[in-house]
Amino acid sequence: MPWCFFVTVTSMVVGLYWGLFIAPEDYQMGSAYRIIFVHVPSSYMSIFCYGFMAVASAVGIIWKHPLADQSARAAAPIGAIFTVLALFTGSLWGKPMWGTYWIWDARLTSELVLLFLYFGYMAVWGAIDDRAKAARVAAIVALVGAVNLPIIKFSVDWWNTLHQPASIMKSGGASIHPDMLWPLLICIVAFNFYFVTVLLVRIESQIINRQIRGLQIRMVEEKDDG
Amino acid sequence: MNTHFWSVVKRDIKIGWQGGSTSSMVVAFFIIVVTLFPLGVGPEQSVLARIAVGVIWVAALLACLLSLDRIFQADYEDGTLDQYALSRLPLELIVIGKSLAHWLTTSLPLILITPVLAVLLNMNDAALLPLIYAMLIGTPALSLIGTIGASLTVSLKRGGVLLSLLILPLYVPVLIFGVMAVDAGISGIGSNASLLFLAAVTLFSFAITPWVSAAALRLALD
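Residues numbered from 1 in each chain as written. Chains lettered and ligands numbered in written order. Predicted model: local features only at pLDDT ≥ 70, side-chain atom pairs only at ≥ 80, totals over all residues.

*Asks:* Break down the overall build of chain B for me, with residues and values.
*Replies:* Along its length, chain B carries nine helices and zero strands. Along chain B, helices (α) and strands (β) appear in the sequence α-α-α-α-α-α-α-α-α when read from the amino end. Rg of the C-alpha trace for chain B: 18 Å, near the compact-globule value of 17 Å for 222 residues, within the 12% margin. Within chain B, buried positions represent 45% of all 222 residues. For chain B, long-range pairs separated by at least 24 residues make up 81% of all intrachain contacts whose partners lie at least 6 apart in sequence. (Helix = DSSP H or I, 4+ residues; strand = E, 2+ residues; numbered from the N terminus. Rg over C-alpha atoms; globule rule 2.2 N^0.38 Å. Buried ≥ 20, exposed ≤ 12 C-beta atoms within 10 Å, placed from the backbone. Contact = placed C-beta atoms within 7 Å.)

*Asks:* An account of the overall build of chain A is requested, with residue identities and associated values reported.
*Replies:* Of regular secondary structure, chain A possesses seven helices and zero strands. Ordering the α and β elements of chain A from the N terminus gives α-α-α-α-α-α-α. The buried share among the 226 residues of chain A stands at 34%. Excluding contacts between residues fewer than 6 apart, the proportion of contacts in chain A whose partners are at least 24 apart in sequence is 76%.

*Asks:* Provide a residue-level description of the interface of chain B and chain A, including the pertinent values.
*Replies:* On the side of chain A, 15 residues touch chain B, which itself brings 13 residues to the contact. Of all the secondary structure elements, the ones that give two or more residues to the side of chain B that touches chain A are α7 (125-152), α8 (160-187) and α9 (192-221) of chain B. Ranked by the residues each element gives to the side of chain B that touches chain A, the list is headed by α8(B), at six residues. Class assignment of the residues belonging to the side of chain B that touches chain A gives a composition of 13 nonpolar, no polar and no charged. (Nonpolar A, V, L, I, M, F, W, Y, C, P; charged D, E, K, R; others polar.)

*Asks:* Give a detailed account of the packing of helix α4 (residues 106-127) of chain A against α8(B), specifying residues and quantitative values.
*Replies:* The interhelical angle for the contact between α4(A) and α8(B), taken along N-to-C directions, is 155°, at an axis separation of 9 Å. When the interaxial angle is binned, α4(A) and α8(B) end up roughly antiparallel. The element α4(A) and its partner α8(B) pack so that their crossing is left-handed. Contact residues: A:Val113, A:Phe116, A:Leu117, A:Phe119, A:Gly120, A:Ala123, A:Val124 and A:Ala127 in α4(A); B:Leu162, B:Leu165, B:Leu166, B:Pro169 and B:Val172 in α8(B). Each residue belonging to the contact of α4(A) with α8(B) can be placed in one class, and the counts come to twelve nonpolar, one polar and no charged. (Axes fitted to C-alpha atoms, helices over the stretch in contact; angles between N-to-C directions. Parallel < 35°, antiparallel > 145°, perpendicular 65-115°, else oblique. Left-handed = near helix turned anticlockwise from the far one by under 90°.)

*Asks:* I'd like a rundown of the nonpolar core, residues and numbers included.
*Replies:* One finds A:Met53, A:Val141, B:Ile56 and B:Ala60 to be the most contacted residues of the largest nonpolar core, which totals 109 residues. Ignoring sequence-local partners within four residues, the contact set of A:Val141 consists of A:Gly120, A:Tyr121, A:Val124, B:Leu152 and B:Leu166. (Core = buried A, V, L, I, M, F, W, Y, C linked by C-beta atoms within 7 Å.)

*Asks:* Please give an account of helix α5 (residues 131-145) of chain A that cites residues and values.
*Replies:* Across its 15 residues, α5(A) extends 21 Å between first and last C-alpha, which sits within 8% of the 21 Å expected from 1.5 Å per residue. Among the residues of α5(A), those classed as buried are A:Ala135, A:Arg136, A:Val137, A:Ala138, A:Ala139, A:Ile140, A:Val141, A:Ala142, A:Val144 and A:Gly145. (Expected span 1.5 Å × (residues − 1).)

*Asks:* Kindly report on unusual backbone geometry, identifying the contributing residues and their values.
*Replies:* Phi at A:Lys64 is positive, roughly 55°, even though this residue is not glycine. Its place among the elements puts A:Lys64 in the loop between α2 (36-63) and α3 (66-98). Here A:Lys64 falls in the exposed class, since 12 other C-beta atoms lie within 10 Å of it. Here the phi dihedral of B:Asn122 falls at roughly 60°; this positive angle occurs in a residue that is not glycine. Here B:Asn122 shows up in the loop between α6 (91-120) and α7. Accessibility expressed as a C-beta count within 10 Å gives 16 for B:Asn122, which makes it partly exposed.

*Asks:* Any chance you could break down the environment of B:Ala214 for me, citing the residues and the numbers?
*Replies:* All names here are of chain B. Within the secondary structure, Ala214 is located in helix α9. Put simply, Ala214 and Leu93 are 121 residues apart on the chain and 8.8 Å apart in space, counted from C-alpha to C-alpha. Once residues lying within four places of it in the same chain are set aside, the contact partners of Ala214 are Leu91, Glu92 and Val95.

*Asks:* Now, about α3(A): what can you tell me, with residues and values included?
*Replies:* All names here are of chain A. The terminal C-alpha atoms of α3, which comprises 33 residues, lie 46 Å apart, in line with the 48 Å expected from a rise of 1.5 Å per residue. Most pronounced at Ala76, the bend in α3 amounts to some 25°, and the proline Pro77 follows within four residues. Taken from the residues just after α3, Gly99 is the one with a positive phi, measuring 85°. (Bend = angle between axes of the 7 residues up to and from the residue.)

*Asks:* Mind laying out the confidence of the model for chain A, listing which residues take part and the relevant values?
*Replies:* Interpreting fine coordinate detail is not advised for predicted regions of low pLDDT. Summarising the model, chain A shows a mean pLDDT of 80, and 84% of its residues fall at 70 or more. Looking at the elements of chain A, mean pLDDT is at its lowest for helix α6 (residues 148-158) of chain A, recorded as 67, and at its highest for α2(A), recorded as 88. (pLDDT = per-residue confidence, 0-100.)

*Asks:* Please provide a residue-by-residue account of the packing of α5(A) against α9(B), values included.
*Replies:* Between α5(A) and α9(B), the shortest axis-to-axis distance is 10 Å and the interhelical angle comes to 170°. The pairing of α5(A) with α9(B) is recorded here as roughly antiparallel in orientation. Facing α5(A), whose interface residues are A:Lys133, A:Arg136, A:Val137, A:Ile140 and A:Val144, α9(B) presents B:Val212, B:Ala215, B:Ala216 and B:Leu219. A class-by-class count of the residues in the contact of α5(A) with α9(B) yields seven nonpolar, no polar and two charged.

*Asks:* With reference to specific residues and values, describe the environment of B:Glu77.
*Replies:* Structurally, B:Glu77 is set in helix α4 (residues 73-78). For the pair formed by B:Glu77 and B:Lys157, sequence separation is 80 residues and the distance between their alpha carbons is 11 Å.

Put into structure tokens, the structure is as follows:
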């Protein structure tokens, strides 16, 4: 875990510094484009987290491994925060570039729907007291919601709307200059490691919480006996 | 097997029209929601004509959502669902039967009343036929997807709000293509493409939801 923490901090510092100070200005957008060094990784992570959650839920349903349920549960709030960050940075960029903070564009809308899916998933964990049952129900919710992922990814290709199409992951190589691409990739790596670090911390604290609860219940029982 | 299936459907339809008649209440809710919009945005005819299709679709979604909890709730409480689970009919088929009954008792009355509401909202005449087609094709998906939320929240005491939070995001494609079909119909492009997308959504949910809902029901009955 300290190792993960180290990689997160280093790559975050390098990626952001490179992106925000060293990378050249865009000839049209000037320095405003630099928000992509936060926006693109967080949008990507918002989808990645949901994918992780769906896979972990599937593992939880099929092999009934409690750790899989716990990791899916731990990933949800992180993913929700990434989604908020992606929407927020996107709208900050949209104001000077598109002239509006928000527009009902296909990708923006589907990203917003993704946020609601995260909320629904977290609400399930909050609504059901029985942990094992909550895990099963939440897993079904996560898997059903996963239908939205391909819609977000391809929304820009299907509906020709304001949001620009993919420029990194597409056939024929990236259409973005290496001077900007490298810091962006480092930022994506940094966000990924951030996710892993926080995920591990959250899972650990969830397990500790469970143990504390178990101990408390045992203490009450012993008191009743005595 | 066949007769068992139809008896499930018939029983739910009967319950839907009996006594307090939830179906007529859902229709009343639909009309009231639609009536609220002219009060909210003002009675200007051109504005109403512009938003009529969207208003009718959103009201239909809400009316459908409102009636979802009754699909499994009562059966779960009085033990009928346990009997269903023990019967020879697989739970998946029971889910299909119940969605069919739900569609016949809620969505179909909504579609029948839609022409009247279209007149009230000063909707473009050319829009009516595409709207009816779109509703006929799209609303089965609402009932089917709805069974997922209904079955997941059936054992919860206060599942209503959670149900809406889970289901409404999944209704988005139906709403988008439903409105797009009508817009394309008015503008003369032809609504076929959007209607096909709607049909795809309905067929896809028909293929997936029975399994998901049945799994959720087994979980609730454990």
